[in-house]
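Chains, contacts and geometry: an overview
Letter by letter, the chains look like this.
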Amino acid sequence: MDLEHFRKVLLAKEKELTGEIARLSGDARYARTAEVEDPMDQVTSDQGEATALEETSNLSDTLSQVRAALQRLHNGEYGRCVDCGREIKLARLEAVPWTPYCIDDQQKHDNQRRVNTPSL
Ligand SMILES: [Zn+2]
């Protein structure tokens, strides 16, 4: 496995997510301070803020997974399922490089709670 490739992908993703979270946090602040006169605009503004905050929370979850994956890479544990220890298929890692689970365990976790990682 080309670990250097995954390290680069993960670092790029970490940077992208960090920037996106900063941008959305800025947007949320802006929405709160924006001058709103029309009651309908007020509703739209509140919804926009809620969406931005929810999106930020989703991005934060992914960022945690990306950082955990970088840690596993550092420890030489990258590419193994954190639940069962089996190797995660390369195609799955290419699609979701920060995934901590093999497809079987991913499905188990998906059934337990809603997650943002696509099932591949
Ligand atoms: Zn597994």
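Comments concerning the overall build of the protein chain
The helix and strand inventory of the protein chain stands at four helices and zero strands. Secondary structure elements of the protein chain occur, N-terminal to C-terminal, as α-α-α-α. Taking the intrachain contacts of the protein chain between residues at least 6 apart in sequence as the baseline, contacts between residues at least 24 apart amount to 56%. When the accessible surface of the protein chain is summed, it comes to about 7,900 Å², and 50% of that surface belongs to carbon and sulfur atoms.

Topic: the environment of Phe-6
Position of Phe-6 among the secondary structure elements: in helix α1 (residues 3-33). Along the chain, Phe-6 and Pro-97 lie 91 residues apart, while their C-alpha atoms are 6.7 Å from each other. Phe-6 has contacts with Met-1, Leu-73, Tyr-78, Leu-90, Leu-93, Glu-94 and Pro-97, leaving out every residue within four places of it along the chain.

Notes on the coordination of the zinc ion
For the zinc ion, the protein coordination sphere consists of Cys-81 (SG), Cys-84 (SG), Cys-102 (SG) and Asp-105 (OD), at 1.7 to 2.3 Å. In this structure, the zinc ion is surrounded by four donor atoms whose angles at the metal cover 104 to 116°, and the resulting shape is tetrahedral.

Section: the environment of Leu-90
Along the chain, Leu-90 turns up in helix α3 (residues 90-95). Sequence separation between Leu-90 and Met-1 is 89 residues, and the spatial gap between their C-alpha atoms is 8.0 Å. Once you skip the residues sitting within four places of it in the chain, Leu-90 turns out to touch Met-1 and Phe-6.

A word on the packing of aromatic side chains
Each aromatic ring pair is specified by the distance between its two centres and by the angle formed by the two planes. What the rule picks out here adds up to one aromatic pair. On the numbers, 5.4 Å between centres and 45° between planes, the contact of Phe-6 with Tyr-78 is tilted. Placement of the pair is Phe-6 in helix α1 and Tyr-78 in the loop between α2 (39-75) and α3, with a sequence separation of 72 residues. This pair shows no difference in class: Phe-6 is buried, exactly as Tyr-78 is.

Looking at the layout of surface pockets
Put simply, the second largest pocket is a space of about 180 Å³. Lining the second largest pocket are 10 residues, and of these Glu-87, Lys-89, Cys-102, Ile-103 and Asp-104 lie nearest its centre. Of all elements in the fold, only α3 and α4 (103-112) reach the threshold of two or more residues within the lining of the second largest pocket. Split by residue class, the lining of the second largest pocket holds five nonpolar, no polar and five charged.

So, how was this worked out
- Residues numbered from 1 in each chain as written.
- Predicted model: local features only at pLDDT ≥ 70, side-chain atom pairs only at ≥ 80, totals over all residues.
- Heavy atoms only, no water.
- Helix = DSSP H or I, 4+ residues; strand = E, 2+ residues; numbered from the N terminus.
- Contact = heavy atoms within 4.5 Å.
- Areas by Shrake-Rupley, 256 points an atom, 1.4 Å probe, with all protein chains shown as cover.
- Donors = N, O, S within 2.8 Å, 3.2 Å for Na, K, Ca; no water.
- Tetrahedral: all angles 85-135°; square planar, octahedral: opposite > 155°, others 65-115°.
- Phe/Tyr/Trp six-rings, centres within 6.5 Å; stacked < 30°, edge-to-face > 60°.
- Buried < 20%, exposed > 50% of the residue type's maximum accessible area, 1.4 Å probe, protein only.
- 1 Å grid on protein atoms, 1.4 Å probe; cavity = no way out; pocket = protein on both sides within 12 Å on 5 of 7 lines; lining within 4 Å.
- Points joined across faces, edges and corners; volume = space filled by probe spheres on them.
- Nonpolar A, V, L, I, M, F, W, Y, C, P; charged D, E, K, R; others polar.

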